[in-house]
Amino acid sequence: MQALWLEEQTLSLRSDLPTPEPHAQEALVRVLCAGICNTDMELLRGYYPYRGILGHEFVGVVEQGPTALLGQRVVGEINAYCGHCQFCRRGMTSHCEQRTVLGIVNRHGAFASYLTLPHRNLHPVPDTVATAAATFTEPLAAALEILEQVTVERGDRVLVVGDGKLGLLIAQVLALTGCDLFVAGRHPQKLAILDRRGIDTGPVTQVHPRTYDIAVDCTGNPQGFDLARQALRPRGTLVLKSTYAGKLSLDASALVVDEITVVGSRCGPFQKALQVLEQNQVDVSALIQATYPLHQGLEAFRKAQERGVLKVLLEIST
């Protein structure tokens, strides 16, 4: 089997790997298409000591598994959980103490001909959703998770900081609420994707302090965090949607004095994401920058690492 293999911060294309054998209650999925995301590139830089096949945003076809799923296009939730630990018993399966995470923690990922995931992680893709669009299900679900955690009402002043792939998805999701939304970024060509959808955008210099009810930082850097924090009114809500590669310094006293609520946010609802895609409520096609076959995976990663590039997809099979 062919796959992109990460070891000691070196990515290689291998053709000598065996097809994975699904365990009990797991399905074997032939991967059709997969997306390169910032987490993959952070793993390549050593963010977490992972060894194995990268990739967690995918669409595939079930070749072994429950009869109801055989032959169907599916996407998959990335956390495989035990169902028995204290967090699983509370319904917090993405925080399972024994979890493996597709292409991230102790489970080979999607940049390969095949992968395995538990049956319960898989969701059929509606016939009307194109395969390339369905690869956005995982990051779109992460964007929708904000609405699971924070009440966003029509007229609320909301700021999104960052015009990368996730920021553009989050902005489109938040716009569905009817909030008073502004997206701050540094790349006019990316912000233009939102402008075409009637979403108010502009440079970071247009963000005024102590103005917004909710601010979402999608940058993963200290400057973005500071901008989002300073933009909040007292008793505002700060949503952190990116991991931070280095240490983050913050003025904790300012958070206390202004009584700021800080919300960490990551994985989200797949079924809702598929519904949003099926109903064409967001535009993901505009976020696709390039598509490469798996055997050009190393070139695809080089492209994805270029400054300003949006989503790069890998076509695995047909």
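Residues numbered from 1 in each chain as written. Predicted model: local features only at pLDDT ≥ 70, side-chain atom pairs only at ≥ 80, totals over all residues. Heavy atoms only, no water.

1. So, the packing of aromatic side chains
- Going through the model one piece at a time under the given rule, you end up with 1 aromatic pair.
- Aromatic side chains Phe-111 and Phe-301 sit 5.9 Å apart centroid to centroid with 85° between the ring planes, which places their arrangement in the edge-to-face category. Residue Phe-111 is located in the loop between strand 8 (100–101) and strand 9 (114–118), and its partner Phe-301 is located in helix 10 (residues 297–304); the two are separated by 190 residues in the primary sequence. Phe-301 carries the same exposure label as Phe-111, and that label is buried.
- Against the face of Tyr-81 rests Arg-120, its NZ or CZ located 4.0 Å from the ring centre.
- Taking the ring centre of Tyr-212 as reference, the NZ or CZ of Arg-157 above it sits at 5.0 Å. (Phe/Tyr/Trp six-rings, centres within 6.5 Å; stacked < 30°, edge-to-face > 60°. Helix = DSSP H or I, 4+ residues; strand = E, 2+ residues; numbered from the N terminus. Buried < 20%, exposed > 50% of the residue type's maximum accessible area, 1.4 Å probe, protein only. Lys NZ or Arg CZ within 6 Å of the ring centre and 35° of its normal.)

2. Quick notes on the environment of Val-263
- Here Val-263 lies in strand 16 (residues 261–264).
- A C-alpha to C-alpha distance of 6.1 Å links Val-263 and Leu-238, two positions 25 residues apart in sequence.
- Look past the residues within four positions of Val-263 in its chain and what remains in contact with it is Gln-149, Val-150, Thr-237, Leu-238, Val-239 and Leu-240. (Contact = heavy atoms within 4.5 Å.)

3. What about the side chain of Lys-241?
- Mapped onto the elements, Lys-241 comes out in the loop between strand 15 (232–240) and helix 8 (252–257).
- Buried and without a salt bridge, Lys-241 has Glu-145 as its closest oppositely charged side chain, separated by 6.5 Å.
- Within polar-contact distance, the side chain of Lys-241 engages the backbone oxygen of Ala-142 at 2.5 Å.
- Setting aside chain neighbours within four positions, we find Lys-241 in contact with Ala-142, Ala-143, Glu-145, Ile-146, Leu-166, Ile-170, Val-216, Asp-217, Cys-218, Ser-265 and Arg-266. (Lys, Arg positive; Asp, Glu negative; His and termini not counted. Salt bridge = Lys/Arg side-chain N within 4 Å of Asp/Glu carboxyl O. Polar contact = N/O pair within 3.5 Å; in protein donor to acceptor, adjacent residues only side chain to side chain.)

4. Digging into the sheet that holds strand 12 (residues 180–184)
- Pairing in this open sheet of 6 strands is parallel, and the strands run 13-12-11-14-15-16 from one edge to the other. Edge positions in the sheet fall to strand 13 (200–202) and strand 16, since each has one partner strand and no second. The mean inter-strand angle of the sheet, taken between neighbouring strand axes irrespective of direction, is 20°.
- The sheet contact formed by strand 14 (residues 212–217) and strand 15 spans 5 bridges and is parallel. Bridge pairing links Tyr-212 to Leu-232 in strand 15. (Pairing = 2+ DSSP bridges. Axes fitted to C-alpha atoms, helices over the stretch in contact; angles between N-to-C directions.)

5. Side note on the side chain of Asp-213
- Here Asp-213 is to be found in strand 14.
- On the basis of relative accessible area, Asp-213 is assigned to the buried category, the value being 18%.
- Separated by 2.7 Å, the side chain of Asp-213 and the backbone nitrogen of Arg-157 make a polar contact.
- Other than its neighbours up to four places away in sequence, Asp-213 contacts Asp-156, Arg-157, Leu-232, Arg-233, Gly-236 and Thr-237.

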